[in-house]
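Coordinate analysis (summary)
Residue-level listing of the chains:
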Amino acid sequence: EMNNASLDKTVITTKMLLAKYGTVHEVLSMVLSPPSGDRIQSTIEDLHRYGAFTAPDAEAAEVTVIGRLAAQLPLELPLIRLVLFGHLSGCLPEAIVMAGTLTQQDIFMMPSRMFIPDPKRLARSVLNNFQDRVNVDGGR
């Protein structure tokens, strides 16, 4: 799982909570399927570029306000920055709405065979989902 998902939040959380057990590289090398050292370093550099770390070196880096928000909010780093800058600019509600709109998650859950194995129930669920979409936005 760790090799397929983004390491942003994992690296931030490791730095914040597990620093007493070693560096980010050392701690993540102990997991069952550890990510490559290059991938960890690339993530650390990205976190620095987005303002979540104070330096591109994991040893010297401290977690910033953006990094702490990233560990707590279910958003990607650019959207966390949007929310933070919206707060600093006095337009937090608007920034939250924009961040919510820009997430890749669909507000309507598409039915899946994984969760609805019965073909008849699945077909009925797909139809209901489509009808809900038509009612809200014309099916677009």
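Each remark here, short or long, concerns the structure printed above.
Read on for an overview of the structure. (Residues numbered from 1 in each chain as written. Predicted model: local features only at pLDDT ≥ 70, side-chain atom pairs only at ≥ 80, totals over all residues. Heavy atoms only, no water.)

**Here we look at a nonpolar patch on the surface**
Our working rule: Residues forming no salt bridge and having over 30% relative accessible area are the ones grouped into patches, like charges within 9 Å of each other and nonpolar side chains (Val, Leu, Ile, Met, Phe, Trp, Tyr) within 5 Å. Residue exposure ignores everything except the shown protein chains as possible cover, and the areas themselves are Shrake-Rupley values with a 1.4 Å probe. Counted as salt bridges are all cases of a side-chain nitrogen of Lys or Arg within 4 Å of a carboxyl oxygen of Asp or Glu. Every helix listed is a DSSP run of H or I at least four residues long, and every strand listed is a run of E at least two residues long, numbered separately from the N terminus.
A cluster of nonpolar side chains, contributed by M16, L17, L18 and Y21, occupies part of the molecular surface with about 400 Å² of accessible area. On the secondary structure map, Y21 appears in the loop between helix 1 (8-17) and helix 2 (24-28).

**Let's talk about the packing of helix 1 against helix 3 (residues 37-50)**
Spelled out, the test is: Only the stretch in contact is used when a helix axis is fitted, and all axes are lines through C-alpha atoms; the angle between N-to-C directions ranges over 0 to 180 degrees. The labels follow the angle: roughly parallel below 35 degrees, roughly antiparallel above 145, roughly perpendicular from 65 to 115, and oblique for the rest. Contacts are assigned to residue pairs with any non-hydrogen atoms lying within 4.5 Å of each other. All residues other than Ala, Val, Leu, Ile, Met, Phe, Trp, Tyr, Cys, Pro, Asp, Glu, Lys and Arg, Gly among them, are scored as polar; the first ten of these are nonpolar and the last four charged.
Where helix 1 contacts helix 3, the two axes come as close as 10 Å, and the packing angle between them is 85°. The pairing of helix 1 with helix 3 is recorded here as roughly perpendicular in orientation. Residues D8, V11 and I12 of helix 1 form the contact with helix 3, whose own contacting residues are T43, I44 and L47. Here the contact of helix 1 with helix 3 is built from residues that sort into 4 nonpolar, 1 polar and 1 charged.

**Focus: the nonpolar core**
Basically, it comes down to this: Take the buried residues of types Ala, Val, Leu, Ile, Met, Phe, Trp, Tyr and Cys, join any two whose side-chain atoms come within 4.5 Å, and each joined set is a nonpolar core. The rule is simple: take the accessible area with a 1.4 Å probe, protein chains only, and divide by the maximum for that residue type; under 20% is buried, over 50% is exposed, in between is partly exposed.
If you look at the biggest cluster of nonpolar residues, it comprises 23 residues, and the most contacted ones within it are V11, I12, V24, I44, L47 and F53. With 5 residues, the single largest contributor to this core is helix 5 (residues 77-88). If we skip the residues at most four places from it in the chain, V11 touches V24, L28, T43, I44, L47 and F53.

**Details of the side chain of T14**
In this fold, T14 is placed in helix 1. Accessibility expressed as a relative area gives 5% for T14, which makes it buried. Other than its neighbours up to four places away in sequence, T14 contacts A19, V24, V27 and L28.

**Quick look at the pattern of salt bridges**
On inspection of all chains with the given rule, the structure shows 1 salt bridge. Among the ionic pairs, R49 bridges to D46, the shortest N-O distance being 2.9 Å. Of this pair, R49 and D46 both sit in helix 3, 3 residues apart, which is roughly one turn of that helix. With a relative accessible area of 55%, R49 lands in the exposed category. Classification of D46 as partly exposed rests on a relative accessible area of 25%.

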